[in-house]
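# Geometric and topological summary
The chain contents come next:
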Amino acid sequence: MWGGRKLGSSGGWFLGVLGPGGRSTQAARPLISPAVYAKNQLSWTLQIKPGVFSEYRTMWFKSYRMTFSCLNRIKNFRDNLLKTIPNHQPGKPLSGMKILDVGCGGGLLTEPLGRLGASVIGIDPVDENIKTALCHKSFDPVLDKRIEYRVCSLEEIVEETPETFDAVVASEVVEHVTDLETFLQCCCQVLKPGGSLFITTINKTQLSYALGIVFSELIAGIVPKGTHTWEKFVSPETLESILESNGLSVQTVIGMLYNPFSGYWHWSENTSLNYVAHSVKSRVQEYPMSAEFVLKRETEELQATACTNPAGHEELKK
Amino acid sequence: MAARLVRRWGAVRAAAHSGPLVPCRRWSGASTDTVYDVVVSGGGLVGAAMACALGYDVHFHDKKILLLEAGPKKVLEKLSETYSNRVSSISPGSATLLSSFGAWDHICNMRYRAFRRMQVWDACSEALIMFDKDNLDDMGYIVENDVIMHALTKQLEAVSDRVTVLYRSKAIRYTWPCPFPMADSSPWVHITLGDGSTFQTKLLIGADGHNSGVRQAAGIQNVSWNYDQSAVVATLHLSEATENNVAWQRFLPSGPIALLPLSDTLSSLVWSTSHEHAAELVSMDEEQFVDAVNSAFWSDADHTDFIDTAGAMLQYAVGLLKPTKVSARQLPPSVARVDAKSRVLFPLGLGHAAEYVRPRVALIGDAAHRVHPLAGQGVNMGFGDISSLAHHLSTAAFNGKDLGSMSHLTGYETDRQRHNTALLAAIDLLKRLYSTSATPLVLLRTWGLQATNAVSPLKEQIMAFASK
């Protein structure tokens with residue numbers, strides 16, 4: 001029985017169904033398309049190459065890395081969401097929030113969000129992933145009630161859940177999506193006004209090509225070939241412009257860097273590899289009156305500043 | 001980090017092949033078992049305090065905790081007039097932990113004794129070391145174990161919506177989940193009690209003493225040996241009432257004898273000595289016993305001229321180098337009588353678990369480490385474990401993590417192993433050093449003690465380490 005101490009239960013879970021029966025049946029199962037591979041670490045078992053030790057090492061490393069990167073992301077999501085809740089309940093800080101996890105895979109982020117008290121719906125187009133996620137949450141009676149999983153894509157549920165969610169999480173998804181504009185529009189549609197959208201993805205830089213494609217896929221084999229296409233990587237600037245043009249105002253963009261020696265992920269100003277973008281859907285004016293009110297208030301403000309600043313007064317006249 | 005991983009890797013592999021772990025046995029038990037977030041096995045001082053610490057933690061408000069205690073519930077309606085013979089020296093750090101969940105207030109309302117000074121000296125020489133805080137603050141507190149237990153029980157009752165306590169419940173079997181969960185087998189630890197009831201838990205904390213069932217079931221190796229000593233405890237009445245805020249300990253060649261203040265007229269005795277002598281002490285009549293105690297503290301029979309001269313020389317040299325406040329050897333108060341039926345003995349030993357944690361398992365208190373009472377550190381190390389583990393679990397809960405995950409459990413293990421291993425080694429070394437009257441060693445320890453006494457920063461470091 002292999003597996004380092006640091007692997008632990010949560011890391012181990014994401015190795016999926018590996019056991020006495022695992023390897024012998026792998027030949028019978030269909031390969032998962034590499035396009036959704038990265039998000040669905042549990043699919044590793046379906047692509048086992050011969051060579052026992054190297055495979056185990058790869059899977060161990062990946063799960064280890066993913067477990068810790070999720071920790072950082074959850075902290076980011078939690079802290080940003082808590083800012084919007086005036087009094088949160090101790091023990092269940094996100095209680096009362098409805099969150100959508102797009103491309104949830106095996107539930108790596110869905111479960112921590114559920115543990116923090118939120119009602120989460122996790123969606124993923126791959127049936128196998130949802131099955132594993134369902135199975136895993138079934139053992140925990142609290143999570144079983146708080147989390148719901150569905151096999152579908154975002155576009156499919158937009159119709160039935162408009163303006164339903166307080167937050168949408170799309171982690172390691174946008175770099176696999178064919179039409180980014182539509183995807184982000186759908187995200188916006190399902191969000192309540194004032195709701196948060198969290199996107200984590202990989203930047204499109206030379207560094208990400210070198211480390212993310214060349215090193216990870218070709219040299220070290222951490223990620224199978226074809227998982228990522230560099231052309232599909234999204235730079236923060238591109239993402240920001242699409243978000244802003246769809247009514248989502250970007251609050252923060254932070255880079256994440258992995259330190260292979262300590263095994264921990266760190267926040268950084270440097271977004272050249274992985275980064276998290278947090279944006280908020282602007283609140284729609286509900287009544288025409290309020291638009292006037294806003295306009296009146298703005299002019300009043302301008303007049304007030306004009307009184308104190310004669311130069312400004314000139315500007316106003318213009 | 002890599003080396004540690006590789007070593008553990010190998011150990012896990014080896015353990016999985018040869019250990020008593022039952023890997024991948026599919027649990028066919030009822031899936032209607034209650035799933036607890038944390039189960040603490042063992043309701044002694046450390047186990048009950050752990051359950052309290054988690055029960056009062058703000059991030060555990062919606063979690064379910066279970067405390068399993070094999071013994072009956074001890075109800076203390078009225079504080080008894082006679083003091084109990086089992087007492088603990090509580091360090092300021094432990095007192096802080098106890099007050100963090102309100103147990104210290106109950107203790108203050110019952111009874112405890114603060115001591116401000118500690119004198120430790122040798123029977124074979126004049127060397128002594130005196131510990132006290134600059135402003136004569138409390139160095140520590142002597143509290144009866146029953147009082148602590150009652151305070152903890154009261155606090156547990158106040159959070160009974162989160163913490164369930166089962167008395168007369170002993171776990172007879174633990175079943176571990178597969179490291180790599182199968183599709184239809186539960187990822188939690190399964191516990192079976194003597195009456196057949198079963199529970200599941202995400203994290204099992206073993207606080208079941210030095211013969212820990214949790215540790216054995218997990219197959220964690222334990223380094224342990226028995227000392228050829230037993231400790232005799234008793235409640236002593238002093239000849240006359242005094243301020244009694246000093247803790248006394250004298251190292252006899254047969255073992256250390258300590259007098260801990262309980263009140264103005266009462267003190268608690270802890271005398272570690274050979275098994276035969278301990279049996280004698282417990283069975284001899286009261287007058288003889290009192291004489292033995294007084295003579296142990298007062299007699300200079302083990303002094304030799306050589307050592308006395310050597311000690312005096314160093315003392316003189318130290319006096320030249322720095323003007324020390326004169327620490328003349330003081331004598332502890334004399335004992336008049338002993339409480340009837342308060343003399344009890346128990347064997348001593350050392351123990352240290354090679355690992356404090358495994359996936360979904362953590363050991364705290366005596367289950368992880370067992371120590372000689374000469375430094376009064378046993379329960380304080382346990383309380384230190386609780387502070388560390390509760391902190392790590394609280395952060396993990398706030399991050400939405402699986403509580404049984406090794407990532408934060410190893411953080412706890414590293415924290416505590418660093419502290420505990422050093423302390424354990426130091427105490428064992430002291431015990432061995434002072435168990436002899438061979439001249440070279442006596443000389444070494446005499447000079448060592450005098451030198452340490454002279455270097456105040458060193459003494460402060462020692463006190464700080466022991467107060468955590």
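Because the structure is predicted, anything quoted here is derived from the model rather than measured.

Turning to the overall build of chain A, a few remarks are in order. In terms of regular secondary structure, chain A is built from twelve helices and eight strands. When burial is assessed residue by residue, chain A has 54% of its 318 residues classed as buried. Contacts spanning at least 24 positions in sequence make up 68% of the contacts within chain A whose residues lie at least 6 apart.

Pairing is possible between side chains that carry opposite charge, provided their charged atoms lie close to one another. Under the counting rule described, the total for this entry stands at 25 salt bridges over all chains. A single network of salt bridges, built from pairs that share partners, joins A:D140, B:D37 and B:K202.

We now examine a nonpolar patch on the surface. On the surface, a cluster of nonpolar side chains totalling about 460 Å² of accessible area is made up of A:L207, A:L211, A:F215, A:L218 and A:I219. On the secondary structure map, A:L211 appears in helix α9 (residues 206–219).

This part covers the pairing of strand β14 (residues 255–261) of chain B. All names here are of chain B. Among the seven residues in β14, seven count as buried, and that is most of the element. Pairing of strand β13 (residues 246–252) with β14, which is carried by five bridges, proceeds in the antiparallel orientation. Each residue of the ladder has a partner; that of W248, found in β14, is L259. Hairpin remark: β13 followed by β14, antiparallel, with two residues in the connecting loop. Of the pairings in the sheet, the one linking β14 to strand β15 (residues 266–274) comprises five bridges and is antiparallel in character. Bridge pairing in β15 links A258 to V270. In textbook terms, the turn of a hairpin is the stretch between consecutive antiparallel strands, and for β14 and β15 this stretch comprises four residues.

All names here are of chain B. In total, this model carries 13 aromatic pairs over all chains according to the counting rule given. Relative to Y412, the ring of Y356 lies with its centre 6.3 Å away and its plane at 45 degrees, an arrangement referred to as tilted. Remark: Y412 occurs in helix α11 (residues 406–433) and Y356 occurs in the loop between β17 (344–353) and β18 (357–358); sequence separation between them is 56 residues. By relative accessible area, which is 0% here, Y356 ends up buried. Its relative accessible area of 0% is what places Y412 among the buried residues. Just above the ring of Y36 sits the side chain of K64; from NZ or CZ to the centre is 5.6 Å.

What follows deals with the sheet that holds strand β3 (residues 87–90) of chain B. Residues and elements named next belong to chain B. Taken in spatial order, the three strands make up an open sheet running β3-β7-β4, and their pairing is antiparallel. Each edge of the open sheet is held by one strand with a lone partner, namely β3 and β4 (113–115). Here the average twist between neighbouring strands, direction ignored, is 25 degrees. Bridge count between β4 and strand β7 (residues 140–144): three bridges; the pairing is antiparallel. Note that in β7 the partner of F115 across the bridge is G140. Lying on the sheet, helix α5 (residues 145–158) is in contact with β3 and β7; it crosses β7 at an angle near 85 degrees.

A few words on the sheet that holds strand β4 (residues 165–171) of chain A. Residue and element names in this part refer to chain A. Taking strand neighbours across the sheet as the criterion, the eight strands line up as β3-β2-β1-β4-β5-β8-β6-β7 in an open arrangement whose pairing is mixed. Each edge of the open sheet is held by one strand with a lone partner, namely β3 (147–151) and β7 (264–268). Neighbouring strand axes in the sheet, compared pairwise and without regard to direction, differ in orientation by 20 degrees on average. Relative to strand β8 (residues 274–281), strand β5 (residues 191–202) is paired through seven bridges, and the arrangement is antiparallel. In the strand pairing of β8, F198 is matched with H278. Each of β2 (119–124) and β3 is contacted by helix α5 (residues 127–138), which is oriented at about 160 degrees to β3, the strand it contacts most.

Conventions we followed
- Residues numbered from 1 in each chain as written.
- Chains lettered and ligands numbered in written order.
- Predicted model: local features only at pLDDT ≥ 70, side-chain atom pairs only at ≥ 80, totals over all residues.
- Heavy atoms only, no water.
- Helix = DSSP H or I, 4+ residues; strand = E, 2+ residues; numbered from the N terminus.
- Buried < 20%, exposed > 50% of the residue type's maximum accessible area, 1.4 Å probe, protein only.
- Contact = heavy atoms within 4.5 Å.
- Salt bridge = Lys/Arg side-chain N within 4 Å of Asp/Glu carboxyl O.
- Patch = residues over 30% accessible without salt bridge, like charges linked within 9 Å, V, L, I, M, F, W, Y side chains within 5 Å.
- Areas by Shrake-Rupley, 256 points an atom, 1.4 Å probe, with all protein chains shown as cover.
- Pairing = 2+ DSSP bridges.
- Phe/Tyr/Trp six-rings, centres within 6.5 Å; stacked < 30°, edge-to-face > 60°.
- Lys NZ or Arg CZ within 6 Å of the ring centre and 35° of its normal.
- Axes fitted to C-alpha atoms, helices over the stretch in contact; angles between N-to-C directions.

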